[in-house]
Amino acid sequence: MRDRGTDTLRAAYAQGWSLGAFSTYTQEITQAISLAAEDIGCPVILQAGASAFSHAGRAQLAAQALLAADLAGVPVGVHLDHSRSLKEIRACLDAGYTSVMVDGSHLPFADNIALTQSVVAAAAPYGAWVEGELGAIPGDEDRSERTGPGELTDPGLAEEFVARTGVDALAVAVGNVHGTAADPVPLDLELLARLASLVPVPLVLHGASGLPAAELEAAVGLGVAKVNVNTELRTAFLGAVELALPGAQPSSDVAAALDAAREAVREVVRTKLRQLTRTAASPRTPS
Ligand code: 13P
């Protein structure tokens, strides 16, 4: 079922577990994510776009994600990841997305606030929730390029940003990177704790691929209630296709290769969802 509103996000935040939010590029990845959530019996977020729109086409990718959500036996949110365009955000809200991320992190603080405020106003009539970003999360979202940590989120500015914009969730930079880090840096959990104590909304951790389970669980215990994963899914998908089709032949079976890829992604998503919901028994103390 399509997961509308903030109830699931807020429940995760209050109960000390996190929603897994997984990027999709294809129908098979979309199916793998919703099937894995049904396997585990927990809610999930399908991140359909923005960068994947250039491959699949916005209408196609969105329609597949919304259909998968509607057919699922567990709550499935359909989310627009990293959009800088109000026009694109409005199109996704019209299509039925349940949440959107406005990424104004490249803008000066005041401009980030203004853009984010306009998205919060645009999303309200749809009952969709909004994620903003403050601080720079480096790395390419679609290809793993070795990278290092960016500008960390300032706690005082984060408090002001959330108060002035009214966002429902805030993506923070605490040493996390998209893709793989040149020299893996541990998350700055002290900074995360400080952010969580000042910011009254769930925090979002981008770039969760490759993070050790203990670090992920610690972040969730501190107030992260949405965790974004992409690279590990892409790697599983492409690895399975390569294994199934080592040199394409006229007799190669496309459907069998894509079935294998779907199953490989499903297994990665199941593993992540188990990690993210393991902490559910230890509710966080509201700050
Ligand atoms: P990874 O590719 O590092 O998992 O990051 C995904 C992400 O944060 C998407 O917004």
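Per-chain numbering applies: the sequence of each chain, read as written, is numbered from 1 onward. Restriction of local features to residues with pLDDT of at least 70 applies here, the model being predicted, together with a cutoff of 80 or more for giving and counting side-chain atom pairs; totals for whole chains, interfaces and linings are based on all residues. Working from all heavy atoms in the structure, the side-chain values ignore hydrogens and water.

Trainee: Help me understand the nonpolar core in this model?
Mentor: It is characteristic of soluble globular proteins that their nonpolar side chains tend to be buried jointly. The biggest cluster of nonpolar side chains holds 74 residues, and the ones touching the most others in it are Leu170, Leu203, Leu205, Val227 and Leu233. Not counting the four nearest positions on each side in its chain, Leu233 is found in contact with Phe22, Ser23, Ile29, Ile33, Val265, Val268 and Val269. In these notes, a set of buried Ala, Val, Leu, Ile, Met, Phe, Trp, Tyr and Cys residues joined through side-chain atoms within 4.5 Å is what counts as a nonpolar core. A simple rule labels every residue: compare its accessible area, found with a 1.4 Å probe on the protein chains alone, to the largest value its type can have, and call it buried under 20%, exposed over 50%, or partly exposed in between. Membership of the second largest hydrophobic core comes to 15 residues, among which are Leu9, Ile45, Ile137 and Ala169. Contact definition: two residues touch when any of their heavy atoms are within 4.5 Å.

Trainee: Before we go on, may I ask you to explain the side chain of His82 in this structure?
Mentor: By the element assignment, His82 lies in strand 3 (residues 76-83). We classify His82 as buried; its relative accessible area is 10%. A distance of 3.2 Å separates the side chain of His82 from the side chain of His178, its partner in a polar contact. A 3.5 Å cut-off defines polar contacts: any pair of N or O atoms within that distance qualifies, except that in protein one atom must be a possible hydrogen donor and the other a possible acceptor, and neighbouring residues in sequence count only when both atoms are side-chain atoms. For His82, the side chain forms a polar contact with the side chain of His206, separated by 3.0 Å. Numbering of helices and strands starts at the N terminus; helices are DSSP runs of H or I of at least 4 residues and strands are runs of E of at least 2.

Trainee: Is there a simple way to explain helix 11 (residues 254-277) in this structure?
Mentor: Because an α-helix completes one turn every 3.6 residues, residues spaced three or four positions apart along the sequence face the same direction. For helix 11, which comprises 24 residues, the first-to-last C-alpha distance of 34 Å matches the rise-based estimate of 34 Å (1.5 Å per residue) to within 8%. Inspection of helix 11 places Ala257, Ala261, Arg262, Val265, Arg266, Val268, Val269, Arg270, Lys272, Leu273, Gln275 and Leu276 among the buried residues, and these make up the whole buried set. Tucked into the core, helix 11 has its buried residues touching strand 1 (19-24), helix 2 (27-40), strand 2 (44-48), helix 9 (213-222), strand 8 (224-229) and helix 10 (231-244). N-capping of helix 11 is provided by Asp253, with a side-chain oxygen placed 3.1 Å from the backbone N of Ala255. By this rule the span expected of a helix is its residue count minus one, scaled by 1.5 Å.

Trainee: So what exactly am I meant to see when it comes to the site of the ligand here?
Mentor: Being near a molecule or strand, for a residue, comes down to having at least one heavy atom within 4 Å of it. Around the ligand, the surrounding shell holds 13 residues, and the nearest of these are Asp81, Gly207, Ser209, Asn230 and Thr231. Take His82: an N or O atom from its side chain is 3.5 Å from an oxygen atom of the ligand. At 3.1 Å, a side-chain N or O of Asn228 approaches an oxygen atom of the ligand. Isolated, the ligand exposes 310 Å² of accessible area, and the fraction of that covered by the protein chains is 100%. Elements represented by at least two residues in the shell around the ligand include exactly strand 3 and strand 8. Under the scheme applied, nonpolar residues are Ala, Val, Leu, Ile, Met, Phe, Trp, Tyr, Cys and Pro; charged residues are Asp, Glu, Lys and Arg; polar residues are all the others, including Gly. Of the residues that constitute the shell around the ligand, the class distribution is three nonpolar, nine polar and one charged. Method for areas: the Shrake-Rupley scheme with a 1.4 Å probe, in which residue coverage is limited to the protein chains shown.

Trainee: Can you help me understand the sheet that holds strand 2 in this one?
Mentor: Each strand in a sheet pairs with its neighbour through backbone hydrogen bonds, running either in the same direction (parallel) or in the opposite one (antiparallel). Here, a strand pair is defined by DSSP locating no fewer than two bridges between the strands. Strand order around the closed barrel formed by eight strands is 1-2-3-4-5-6-7-8, with parallel pairing between neighbours. Taking each pair of neighbouring strands and ignoring which way they run, the sheet shows an average axis angle of 25°. Note: strand 6 (residues 169-172) against strand 7 (residues 203-205), two bridges, orientation parallel. Among the inter-strand pairings, Ala171 is bridged to a residue of strand 7, identified as Val204. Lines fitted to C-alpha atoms define the axes here, with helix axes fitted over just the stretch in contact, and angles between the N-to-C directions of these axes take values from 0 to 180 degrees. Contacting strand 3 and strand 4 (99-102), helix 5 (residues 86-95) runs over the sheet at an angle of about 170° to strand 3.

Trainee: I would appreciate a short explanation of the packing of aromatic side chains in the present structure.
Mentor: What describes a pair of aromatic rings is the distance from one ring centre to the other and the angle between the planes of the rings. Aromatic pairs are defined between Phe, Tyr and Trp rings, using the six-membered ring for Trp, whenever the two ring centres lie within 6.5 Å; interplanar angles under 30 degrees are classed as stacked, those over 60 as edge-to-face, and all others as tilted. Inspection of the entire model under this criterion finds one aromatic pair. Considering the side-chain rings of Phe109 and Phe161, the 6.4 Å spacing of their centres and the 45° angle between planes classify their relative orientation as tilted. In this pair, Phe109 is assigned in helix 6 (residues 109-123) and Phe161 in helix 7 (residues 155-165), connecting sequence segments 52 residues apart.

Trainee: I would appreciate a short explanation of the environment of Asp94 in the present structure.
Mentor: Residue position: Asp94 is located in helix 5. Expressed as a C-alpha distance, the spacing of Asp94 and Ala123, which sit 29 residues apart in the sequence, is 9.7 Å.

Trainee: Quick question: what am I supposed to make of the layout of surface pockets here?
Mentor: Empty space among the atoms can be located by rolling a probe the size of a water molecule over them. Within this model, the second largest pocket holds a volume of roughly 170 Å³. In this analysis, the protein atoms alone were mapped onto a 1 Å grid. Cavities are point sets where a 1.4 Å probe fits without being able to get out; pockets are open sets with protein on both sides within 12 Å along at least five of seven lines; lining residues have an atom within 4 Å of a point. Around the second largest pocket, the lining residues are Ser105, Leu107, Phe109, Asn112, Leu134, Gly135, Ala136, Glu151, Leu152, Thr153, Asp154 and Leu157. Split into classes, the residues belonging to the lining of the second largest pocket amount to six nonpolar, four polar and two charged. Grid points are joined across faces, edges and corners, and a volume is the space filled by probe spheres set on the points.

Trainee: Is there a simple way to think about the pairing of strand 3 in this case?
Mentor: Regular strands show a simple pattern: their side chains alternate between the two faces of the sheet. For strand 3, a buried count of eight out of eight residues is recorded, marking the element as mostly surrounded by other parts of the structure. Of the pairings in the sheet, the one linking strand 2 to strand 3 comprises four bridges and is parallel in character. In the sheet register, Gln47 faces strand 3, and the bridge partner there is His79. Relative to strand 4, strand 3 is paired through three bridges, and the arrangement is parallel.

Trainee: How should unusual backbone geometry be read in this particular structure?
Mentor: The phi torsion of most residues other than glycine is negative, and most of the peptide bonds are trans. Residue Ala50 follows Gly49 across a cis peptide bond; omega there is 10°. Take Ala50: it is sitting in the loop between strand 2 and helix 3 (53-56). Backbone geometry at His82 places phi at a positive 45°, although glycine is not the residue there.

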